[in-house]
Amino acid sequence: MENRIYKTADELSKILASRGIELDVDPVPIIQREGYYALINGYKEPFLDKKAMQGNADDRYIPGTKFSHIYELFLFDRKLRETVLPFITRAEAAVRTSIVDSFCAKHQEAGSYLNPNNYVIEQWMLFPKHYRGNRHKAYTKGLSGLLNMFERMSNPSSNGPAYIKHYLIRYGNIPLWVLQNSMTFGNVKHFYQLLERDVQAHAARTIQNMSADENRLDPQTLLQVIEVLVDFRNICAHNDRLYCAKPRGRDFGELFRALRKVLPRNEIRELLLAINAALFAHPSLHGNKIILDVAEKMRAVLIPY
């Protein structure tokens with residue numbers, strides 16, 4: 001296996017120049033601050049000269065490519081993530097609360113979330129459409145993992161948040177609507193998949209009644225919405241590429257449609273304005289063709305709304 005030798009930012013800058021990038025700005029402080037891998041390896045793809053790279057081990061860039069072009073795409077994508085993430089977290093909060101409230105409305109006894117009888121049997125676990133995995137294994141692992149997680153979180157000896165210990169000391173148990181704050185959105189997804197169908201349907205109706213989308217939201221569609229939110233939240237939270245992301249084959253348009261199924265009209269309007277500002281902030285100043293192309297594709301998705 002080839003051993004990658006460490007190179008300084010100055011050495012990396014010279015490599016970029018040797019591969020056809022015009023260094024119109026000093027790349028050294030930018031590489032030192034942002035990291036070469038995140039910047040170049042993350043955003044070079046649209047600028048690569050694929051024909052010139054045939055039979056060549058090194059990258060070659062389209063003539064006229066400037067370092068500022070790649071950096072602008074990097075900044076553009078960062079701005080897009082910063083714009084979208086707050087709305088994803090709002091949607092997550094609405095979904096989380098609706099699911100937990102629906103469960104608690106039916107199962108009101110203390111510690112009801114620890115009772116395996118309050119979850120579905122294997123045949124009724126809700127899976128995404130076209131699920132290809134082992135359903136028995138997914139059910140067994142999912143239910144045991146969920147119950148073990150709840151057991152740990154509600155254990156008086158655990159090193160959990162102070163508010164959980166407060167409830168344990170004062171009331172002797174922790175309501176699920178308090179415990180939900182310590183659940184990841186991935187936990188919420190697995191919890192939802194294991195709920196009884198009437199609880200899932202109640203959560204879906206609750207979300208639909210406060211959303212901008214007038215179409216009926218059924219339990220299966222809500223699971224898809226949750227998947228989309230989980231995938232894109234992880235992209236934003238881990239600073240991965242958003243503008244061209246397609247987790248499970250779903251693009252930015254799918255994210256926007258998922259948000260419309262959860263957020264109210266005023267927040268969707270706010271999101272549209274924020275995305276529009278992010279789309280045109282950089283290209284309007286610099287005329288970067290790559291960003292203009294990306295902006296046009298995203299704008300085409302948003303125009304109907």
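First, a word on scope: everything that follows refers to the structure included in this document. Predicted, not measured: the structure shown is a model, and the values here were computed from it.

### What to know about the overall build of the protein chain
Next up, step 1: When its secondary structure is counted, the protein chain shows 15 helices and zero strands.
Next up, step 2: Dimensions of the protein chain along its principal axes, counting C-alpha atoms only, are 70 × 45 × 40 Å.
Next up, step 3: Of all 305 residues assigned to the protein chain, the portion counted as buried reaches 46%.
Next up, step 4: For the protein chain, the share of sequence-separated contacts (at least 6 apart) that also reach a separation of at least 24 residues comes to 67%.

### Some details on the packing of helix α5 (residues 67-106) against helix α12 (residues 252-260)
Next up, step 1: Closest axis-to-axis distance for the α5/α12 pair is 10 Å, and the angle between their directions is 35°. Between α5 and α12 the crossing geometry is left-handed. Residue-level inspection shows L80, V84, F87, I88 and A91 of α5 in contact with α12, the latter providing F252, L255 and L259.
Next up, step 2: Of the residues belonging to the contact of α5 with α12, the class tally is eight nonpolar, no polar and no charged.

### A few points about the environment of L114
Next up, step 1: Structurally, L114 is set in the loop between α5 and α6 (135-153).
Next up, step 2: Those residues in contact with L114 that sit more than four places away from it in its chain are L147, F150, E151 and S154.

### A look at the environment of R257
Next up, step 1: As for its placement among the helices and strands, R257 is situated in helix α12.
Next up, step 2: The partly exposed category is assigned to R257, whose relative accessible area is 35%.
Next up, step 3: Sequence separation of R257 and D213 is 44 residues, and the distance between their C-alpha atoms is 8.7 Å.

### Re the nonpolar core
Generally speaking, nonpolar side chains in soluble globular proteins are found buried as a group.
Next up, step 1: Residues Y119, F150, L176 and F191 are the most contacted members of the largest nonpolar core, which totals 94 residues.
Next up, step 2: At 17 residues, the largest contribution of residues to this core is made by α5.
Next up, step 3: Non-local contacts of Y119, meaning those with residues more than four positions away in its chain, are made with F103, Y113, L143, L146, L147, F150, F191, L194 and L195.

### A short note on the environment of W177
Next up, step 1: Here W177 lies in helix α8 (residues 176-179).
Next up, step 2: Between the C-alpha atom of W177 and that of L259, which follows or precedes it by 82 residues, the distance is 23 Å.
Next up, step 3: Contacts of W177, omitting those with residues within four sequence positions, involve V100 and C104.

### What about the packing of aromatic side chains?
Next up, step 1: Considering all chains together, one arrives at 10 aromatic pairs under this definition.
Next up, step 2: Ring plane angle 90° and centroid distance 5.9 Å describe the contact between F150 and F191, whose orientation is recorded as edge-to-face. On the criterion of sequence distance, the pair formed by F150 in helix α6 and F191 in helix α9 (residues 185-193) is long-range, its members being 41 residues apart. The exposure classification of F150 matches that of F191, with both residues buried.
Next up, step 3: Taken together through their ring pairs, the aromatic side chains of Y43, F67, Y71, F74 and Y243 make up a single cluster.
Next up, step 4: In this structure, R90 is placed above the aromatic ring of F87, and the distance from its NZ or CZ to the ring centre is 4.4 Å.

### Remarks on unusual backbone geometry
Next up, step 1: Positive phi, normally seen in glycine, also occurs at N239, with a value near 55°.
Next up, step 2: Topologically, N239 is positioned in the loop between α11 (219-237) and α12.
Next up, step 3: When its relative accessible area of 55% is taken as the criterion, N239 is described as exposed.
Next up, step 4: Phi is positive for R248, close to 55°, though the residue is something other than glycine.
Next up, step 5: Here R248 is to be found in the loop between α11 and α12.

### Structural notes on the pattern of salt bridges
Next up, step 1: Taken as a whole and judged by the stated rule, the model has 20 salt bridges.
Next up, step 2: Between R33 and E34 there is a salt bridge whose closest N-O contact spans 3.5 Å.
Next up, step 3: For R250, the salt bridge goes to E227, with nearest N and O atoms at 3.1 Å. Separated by 23 residues along the polypeptide, R250 in the loop between α11 and α12 and E227 in helix α11 bring together distant segments of the chain. When sorted by exposure, R250 lands in the same class as E227, which is buried.
Next up, step 4: Through salt bridges with shared partners, one network takes in K189, E227, D231, R248 and R250.

### Here's the deal with α5
Next up, step 1: Its 40 residues give α5 an end-to-end C-alpha distance of 58 Å, which sits within 8% of 58 Å, the value for a rise of 1.5 Å per residue.
Next up, step 2: Residue V84 marks the point of greatest curvature in α5, where the axis turns by about 25°; the proline P86 follows within four residues.

What counts, and at which threshold
- Residue positions are counted from 1 within each chain, in the order its sequence is given.
- Residue-level local features of this predicted model are given only where pLDDT is at least 70; pairs of side-chain atoms are given and counted only at 80 or more, and the full residue set underlies all totals for whole chains, interfaces and linings.
- Excluded from the side-chain calculation are hydrogens and water; included are all heavy atoms of the structure.
- Only runs of H or I of at least four residues qualify as helices and only runs of E of at least two qualify as strands under DSSP, and these elements are numbered from the N terminus.
- Accessibility here uses a 1.4 Å probe with only protein chains present; expressed as a share of the type maximum, an area under 20% marks a residue as buried, one over 50% as exposed, and anything in between as partly exposed.
- Throughout, a contact is declared for two residues whenever any of their heavy atoms are within 4.5 Å.
- Throughout, an axis means a line fitted to C-alpha atoms (over the contacting stretch in the case of helices), and angles, computed between N-to-C directions, take values from 0 to 180 degrees.
- Helix crossings are classified by the rotation of the near helix relative to the far one: an anticlockwise turn of less than a right angle makes the crossing left-handed, while a clockwise turn makes it right-handed.
- Only Asp, Glu, Lys and Arg are considered charged, only Ala, Val, Leu, Ile, Met, Phe, Trp, Tyr, Cys and Pro nonpolar, and every remaining residue, Gly among them, polar.
- Here, nonpolar core refers to any group of buried Ala, Val, Leu, Ile, Met, Phe, Trp, Tyr and Cys residues whose side-chain atoms link them within 4.5 Å.
- When the centres of two rings from Phe, Tyr and Trp lie within 6.5 Å, Trp using its six-membered ring, the rings pair. Their planes under 30 degrees apart give stacked, over 60 give edge-to-face, and anything left gives tilted.
- Both a distance and an angle decide whether a charge sits over a ring: NZ of Lys or CZ of Arg must be within 6 Å of the ring centre and within 35 degrees of the ring normal.
- Salt-bridge detection follows one rule: a side-chain nitrogen of Lys or Arg within 4 Å of a carboxyl oxygen of Asp or Glu.
- The span you would expect from a helix comes to 1.5 Å times its residue count less one.
- To get the bend at a given residue, fit one axis to the seven residues ending there, fit another to the seven starting there, and take the angle between those axes.

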